[in-house]
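# What the coordinates show
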Amino acid sequence: MKQNKVIIIGGGSAGLACAIALREKGIQDILLLEKENELGGILNQCIHNGFGLHMYKKEYTGPMYAQHHIDRFMELQIPYIIDATVLDISEDKIVTVSEPKGIYSIQAEVIVLAMGARERTRGNIQIPGDRCVGVWTAGNAQKYLNMDGYLVGKRIFILGSGDIGLIMARRLSLAKAKVVGVAEIMPYSNGLTRNIVQCLHDFDIPLYLSHTITQIKGDGRVEGITLCQVDENRQPMFETAKHFGVDTVLLSVGLIPDNVLSEKAKVSLDLKTKGPLVDSELMTSTPGIFACGNVLHIHDLVDHVSMEGILVASSIIKYFEDQDSLDLIPVKSKGFLNYVLPQSINPKSDTVLLKYRVSKPMTKGFLRIICNDQVLLKIPKVDLHPSEMQSFNLTKVILDKINSNVIVELSDE
Amino acid sequence: MFDIIIIGAGIVGCNLAYQLSLTNLKVLVLEKNAEILNEVSSANSGIIHTGYDPKDDTLKALLNVKGAALTKELCEYFQVPFLQCGSMVVAHDDKEIDMLKALQIKAAQRKIPCELLSQEILRQKEPHIADSVIKALFFPTTGVIIPWELGYALMDNACFNGVTLKNSEAVIAVEKKSSYIVKTPKSSYEAKMVINCTGLYGDKVARLAQADYPINLIYKKGEYQVTDKTDASYLNHILFPLPTEKGKGVLAVKTVEGNLLFGPNSNIVEDPTHQDTTSIGLAEVNSRIHEIIKPLPQNRMIRQFAGIRPGSPTKDFIIENHEKWVNVIGIDSPGLASSPAIAQYVIEQFVQPEFHPETLNRELYIHPKPLLLMSLDERNALIKTNPNYGKIVCLCEDVSTQEVINAIHSPCSTRSIKGIKRRVRPGSGRCQGGFCESKIVDILSKELNIPKQQVLYDNDNTSFLTPMEDLYETK
Ligand SMILES: Cc1cc2nc3c(=O)[nH]c(=O)nc-3n(C[C@H](O)[C@H](O)[C@H](O)COP(=O)(O)OP(=O)(O)OC[C@H]3O[C@@H](n4cnc5c(N)ncnc54)[C@H](O)[C@@H]3O)c2cc1C
Ligand SMILES: Cc1cc2nc3c(=O)[nH]c(=O)nc-3n(C[C@H](O)[C@H](O)[C@H](O)COP(=O)(O)OP(=O)(O)OC[C@H]3O[C@@H](n4cnc5c(N)ncnc54)[C@H](O)[C@@H]3O)c2cc1C
């Protein structure tokens, strides 16, 4: 069987950043596997700008940001294979890959999961109606438009105010399609504020908050939708029904970390993030398997994805130096938090970057780090929004005080 | 001039085409849709019922018992999957236990193996059965198939043996002379005998030949939920509530592919053309399924769909011949399980007396086995012959580029995204085509030598792409 020290699955921003950092730290034996016919991942279809503000203080487009990393990756001559789909990972880290030269297994010492995310579909959210052509996920429509040069429809309604949907509303308007409206089931938008302004307001596209599509109608092709307001339990109020004649419905109702392979490797997943449970080294429940990027949890900014890839590279170096496993300290979330990552602290970590998402918009709140019923830290926070990932660095000074279960709590007082 | 024209390529038409292709008769199949098997035969539970349910002395009772045995043989012969997982009919109280006992007697008369299970045994066999269930009648021979896999195998072989299949040709008029002239918008065809097996449109097509044909079909819609494959091991059998006048009830089916299917409910509809799901119907399925199973730990539905049953007023299949015009009408459940026997019955009763055909020895066409079911060595051997076997288009279902190409060029050909999805599964997994649909468009466009804007989603008039350059063209 072939062997590799590190196998990275996925050549998107997470996989690329991790590979580059590993090589820069002196790891020679790396193999990156990418199922598409080019590196770069989802960035290749994001031709808008707004990438790299944090890392480079520049506004790159998606492909430019990706190219930046691909150039460096090539310069370092890191081995990779494209058109190479990983079909299986076993618990003992045997990777099975299919590519045009053959299908074979490779024994890895370390595996990096960097497979990205998939989009939530019509079936996942159960929109009733006809099964006609004209319903796509926003990312799929984006791929048809930006990669292949084809428009999927002329009169479009978008369900979900996630960033991909907002960006597609603008992109489609620029491509001379009519975006009739965007509906969001929550009472607030799920996209970045800058995208609401630049993609909807600037194009006079109405945003229907607390609304959802209750039916799609069409014979062969979508002909129209029914939109209803929802009550506080997110149940449609059918007496508020409005009808729109459209030929296309795009769904931007969330991304789901793509962990089919992780499950095959028996990596434990978090029901909330839908990604692997990781410690502060971003190592999963299977020693030697690490995760970064959208496969771990959904990111709104690519900069954070790249930084996660770099963090995994450092963790791998530590892992190679010392594989003794120490007792992990569980981290739990409390209050108005959707999730906190990592789900445990590894005593090996010198600092720990806590990442979290709030469960509702809040103008102000307080983040508390609690251990043994003692509040170690209380940090005031302002303008918190579920669409924007937050982070906080636990320094050595704080970590030294942590010796049992940590609670991360967000409350409004 | 054809000997026989078959109108409609559902599972009944496919069985007929195949069985007739083993004779020296000249056969034409006319199908209105761009893809065969795109109506009732693709939206059902896929169960090969053993035949305990239909009333005595009905065609349904006769043909279901026979058809179930034939279906299993056909699946083995064509090497398409037949999952004999067995089924249980469950009871919640004493009255229902009495009904189970009555079913048990009927099954014994029809020589269908079955066994009454105690509370303890049934929970061992099926740990996630609902707490309210107290007894079950177990039918070990019930099976489940992928209806279109069997249908495509039948039609591939029919075409391979020389049957002519014309897709996208709806029969709109019929003229009777000494023979029949059957007209479609594109052409007209002549045959000595016509077999009408048009599913939901059976009564209307019958009226093309006989204006005063009296029967009107009754349409009953059934809606379904499909779970993610992760839930495959949640159930070991097909689980039924007790059958009622309305039908077999909301059941839980373990599918061949590994998903679970919940449904169908049953509601009368006026319009057979809209196989739409409704919020009320899906809610009904979501709640009634818990009469037989415990709630899943996570709600991971990947798809909903609906199918419409073409019911007959007599509640039995109607198979009749009037001056060499054969109607095969009212084929609702268990029409799938009965279909090979329906075709056999039509041939024995009406075709043989008329034509006395010769039986010919035909070679078997086997569609290439999915890579998913092969060993790494077998796959490598294929990749050596053609690297496209190594290039995966669909990760969810492990499908290679070459398998899609093979499906496009199979004897009965596939030319739409939905057809490809049925034949080789890309798009039926958890991403529902999010990752692979544009790649399938590429392959279809290349293999059929058409621009992408002409690639069909399923039926004619369902192409969906507009090239950007068309939008910016200035005149
Ligand atoms: C539409 C969209 C718009 C966005 N807009 C912005 C923005 O304006 N600004 C910003 O900063 N961020 C934005 N983001 C966020 C950010 O770009 C992404 O979160 C980031 O690029 C994700 O990187 P990743 O490497 O985790 O995943 P991906 O880029 O998805 O990479 C995963 C890679 O893994 C490969 N892969 C998956 N499974 C396998 C397998 N089995 N075998 C081999 N390879 C496999 C995939 O083909 C893919 O190339 C946007 C994201 C999206 C989806
Ligand atoms: C919800 C539901 C669940 C079911 N579950 C089961 C089950 O578990 N087990 C079982 O055994 N059975 C089941 N059935 C029944 C089974 O699906 C049907 O009996 C069977 O599929 C009918 O096949 P068919 O060939 O008669 O009809 P169809 O599959 O509808 O085929 C008819 C064909 O004729 C074509 N056609 C129509 N009009 C014209 C025209 N004018 N010109 C040319 N072509 C035309 C149509 O396009 C179609 O392709 C179920 C049915 C439903 C609706």
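Each value, and the rule that gives it
Residues numbered from 1 in each chain as written. Chains lettered and ligands numbered in written order. Predicted model: local features only at pLDDT ≥ 70, side-chain atom pairs only at ≥ 80, totals over all residues. Heavy atoms only, no water. Near = heavy atom within 4 Å. Polar contact = N/O pair within 3.5 Å; in protein donor to acceptor, adjacent residues only side chain to side chain. Areas by Shrake-Rupley, 256 points an atom, 1.4 Å probe, with all protein chains shown as cover. Helix = DSSP H or I, 4+ residues; strand = E, 2+ residues; numbered from the N terminus. Nonpolar A, V, L, I, M, F, W, Y, C, P; charged D, E, K, R; others polar. Buried < 20%, exposed > 50% of the residue type's maximum accessible area, 1.4 Å probe, protein only. Contact = heavy atoms within 4.5 Å. Salt bridge = Lys/Arg side-chain N within 4 Å of Asp/Glu carboxyl O. Domains from an automatic or database assignment. Buried area = accessible area lost by both parts, 1.4 Å probe. Pairing = 2+ DSSP bridges. Axes fitted to C-alpha atoms, helices over the stretch in contact; angles between N-to-C directions.

Before going further, it helps to examine the site of ligand 1. Around ligand 1, the surrounding shell holds 36 residues, and the nearest of these are A:Ala14, A:Glu34, A:Ile42, A:Asn294 and A:Val302. Neighbouring residues of ligand 1 are not confined to a single chain but are spread across chains A and B. Within the backbone of A:Ala14, a nitrogen or oxygen atom sits 2.9 Å from an oxygen atom of ligand 1. Take A:Asn294: an N or O atom from its main chain is 2.8 Å from an oxygen atom of ligand 1. Across the complex, the protein chains shield 95% of the 1000 Å² of accessible surface that ligand 1 would expose by itself. Looking at the shell around ligand 1 element by element, the count peaks at three residues for helix H9 (residues 302-321) of chain A. Tallied by class, residues from the shell around ligand 1 come to 17 nonpolar, 13 polar and six charged.

What follows is about helix H10 (residues 401-408) of chain B. All names here are of chain B. Counted residue by residue, H10 has eight buried out of eight residues, so it is predominantly covered. Inspection of H10 places Thr401, Gln402, Glu403, Val404, Ile405, Asn406, Ala407 and Ile408 among the buried residues, and these make up the whole buried set. As for H10, its buried residues are in contact with strand S21 (392-394), strand S22 (399-400), helix H11 (417-424) and helix H12 (437-448).

So, on to the site of ligand 2. Residue and element names in this part refer to chain B. Near ligand 2 lie 39 residues; those nearest to it are Glu31, Ser41, Ile47, Ile331 and Ala337. In the environment of ligand 2, an oxygen atom lies 2.6 Å from a nitrogen or oxygen atom belonging to the side chain of Glu31. Sorting the residues of the shell around ligand 2 by element identifies helix H1 (11-21), strand S18 (301-311) and helix H8 (335-355) as the ones contributing at least two each. In terms of residue class, the shell around ligand 2 is built from 20 nonpolar, 13 polar and six charged.

Moving on, we get to the pattern of salt bridges. The full count for this structure, using the stated rule, is 30 salt bridges over all chains. One salt bridge in this structure joins B:Lys418 and B:Asp458, with 3.3 Å as the shortest N-O distance. With B:Lys418 in helix H11 and B:Asp458 in the loop between H12 and strand S23 (466-467), the pair connects residues that are 40 residues apart, well separated along the chain. The residues B:Lys418 and B:Asp458 share a single accessibility class, namely buried. Three or more residues joined by partner-sharing salt bridges are found here, namely A:Glu24, A:Arg72 and A:Glu75.

The next point concerns the domain arrangement of chain A. Note on interface size: it is often stated as the accessible area lost on association of the parts. All names here are of chain A. What the domain assignment lists for chain A is domain 1 (1-119 + 254-325), domain 2 (121-253) and domain 3 (327-413). When each unit is reduced to the centre of its C-alpha atoms, the spacing between domain 1 and domain 3 is 25 Å. With 20 residues of domain 1 at the interface, the matching set in domain 3 holds 20 residues. Carbon and sulfur atoms supply 49% of the area buried between domain 1 and domain 3, which totals about 1600 Å² over both sides. The largest per-residue losses of area from domain 1 upon contact with domain 3 belong to Ser280, His297 and Asp300, which jointly make up 30% of the total buried on that side. For the pair domain 1 and domain 3, the number of links is two salt bridges. Between Lys355 and Glu308 there is a salt bridge whose closest N-O contact spans 2.6 Å.

Turning next to the sheet that holds strand S13 (residues 178-184) of chain A. Residues and elements named next belong to chain A. Across the sheet, which stays open at both edges, the five strands sit in the order S10-S18-S12-S13-S14 with parallel pairing between neighbours. Strand pairing shows two members of the sheet lacking a second neighbour, strand S10 (135-137) and strand S14 (207-209), which therefore form its edges. Taken pair by pair, the neighbouring strands of this sheet meet at an average axis angle of 20°, ignoring direction. Looking at chain direction, S13 and S14 are connected through three bridges and run parallel. Paired with Ala183 across the bridge in S14 is Tyr208.

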